[in-house]
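Next come the chains, spelled out residue by residue.
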Amino acid sequence: MIIAFIDSLRANGSAVESICRVLSDQGCKIAARTYRAWRVRTPAARTVSDAHVVDAVREVVWNTVPRKREVPPADGRRKMTPEGLYGRVKMRAHLDRTAIPGVSYGAVDRAMKTLCHNGIRRAKGIRTTIRSADGVRAGDLLNRQFSAAEPNRVWVTDFTYCRTWAGWVYVVFIIDVFSRRIVAWHASMSKTVDLVTIPLRMALWQRKREGHSVKAAELIHHSDSGSQYAPASGRDPSRSC
């Protein structure tokens, strides 16, 4: 910015020494020899090569010219290409094959940081249904007949997960098949047995508090064959309460 400002004043006939003296008086200290050094100094080789890599990555990631069988965007905005999903390793390999043979990983990394672009990360999936170690599972009392004649006869339960800033959070839901009502739910940072027993106790307490207590041996609490519900932990995948 300062070099361009001095160039504009020099174009109007001002001397470099006078411009630098006024700038120094205003708190922007710069010497005339510094200005002249910047004028004659050539950019470093890595700066030039990095600029080429940045342009190459930009051309690979975004495309303004539609490909075959593609409709051009009406607003003229750039469109991300399938190669835009590549990470550092795949992007370096792609550029090495196509645009810049022998490009280094560091150059690609600096280019993608400059463009504030990251590929898609294949995060490790979360397994929720893990069978117990002994392989024993209770019988299915419902046999895929998810219906009930009245409330508190059939409850189905399962838990899912979601990513948060603090980590993975597991959430359990218990649904009454008759009314499709969520009778209880619970969230936890771990998927231990307490994750599924706490909402069951909450549901029994809540129904009793509402004046609709669960009758003995009439409720079927149905779940999958996850280890949290397994007989080894004292909870059957399909058990009568």
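Before any of the text, the structure's been laid out above.
Rules behind the numbers
Residue positions are given per chain, counted from 1 along the sequence in the order it is written. Owing to the predicted nature of the model, reporting of local features is limited to residues with pLDDT of at least 70; listing and counting of side-chain atom pairs is limited to 80 or more, with chain, interface and lining totals taken over all residues. Working from all heavy atoms in the structure, the side-chain values ignore hydrogens and water. A run of H or I in DSSP counts as a helix once it spans at least four residues, and a run of E counts as a strand once it spans at least two, with each numbered from the N terminus. For every residue, the accessible area (1.4 Å probe, protein chains only) is compared with the maximum for its type, and the residue is labelled buried under 20%, exposed over 50%, or partly exposed between those bounds. By the convention used here, residues are in contact when the closest approach between their heavy atoms is within 4.5 Å. Using a 1.4 Å probe, accessible areas were evaluated by the Shrake-Rupley method; residue-level cover was limited to the displayed protein chains. One less than the number of residues in a helix, times 1.5 Å, gives the span that helix is expected to have. Orientation is described by axes fitted as lines to C-alpha atoms, over the contacting stretch for helices, and by angles from 0 to 180 degrees between their N-to-C directions. In this scheme the handedness of a crossing depends on how the near helix is turned from the far one: anticlockwise by less than a right angle means left-handed, clockwise means right-handed. Any residue outside Ala, Val, Leu, Ile, Met, Phe, Trp, Tyr, Cys, Pro, Asp, Glu, Lys and Arg is labelled polar, Gly included; the first ten of those are nonpolar and the last four are charged.

Below, the discussion takes up the overall build of the protein chain. Within the protein chain, the regular secondary structure consists of 7 helices and 7 strands. Going from the N terminus to the C terminus, the protein chain shows its helices and strands as α-α-α-α-β-β-α-α-β-β-β-α-β-β. Scored against the burial criterion, the 241 residues of the protein chain give a buried share of 29%. Long-range contacts, defined here as pairs at least 24 residues apart, represent 49% of the contacts in the protein chain between residues at least 6 apart. For the protein chain, the computed accessible surface area is about 16,200 Å², with 55% contributed by carbon and sulfur atoms.

Counted at 1.5 Å a residue, the expected span for helix α7 (residues 194-209) with its 16 residues is 22 Å, and the 22 Å between its end C-alpha atoms agrees. All buried positions along α7 are accounted for by L195, V196, T197, P199, L200, A203 and R207. Elements in contact with the buried residues of α7: β3 (154-164), β4 (167-176), β5 (181-188) and β6 (220-222). In the stretch just after α7, G211 is the one whose phi turns positive, near 85°.

Our next topic: the packing of helix α4 (residues 45-61) against helix α6 (residues 105-114). The description of two helices packed together rests on the angle between their axes and the distance between the axes. Axis separation between α4 and α6 bottoms out at 9 Å; the angle between their running directions is 65°. Crossing handedness for the pair α4 and α6: right-handed. Between α4 and α6, the residues in contact are R46, D50, V53, V54 and V57 and A107, V108, R110, A111, M112 and T114, respectively. Class assignment of the residues belonging to the contact of α4 with α6 gives a composition of 7 nonpolar, 1 polar and 3 charged.

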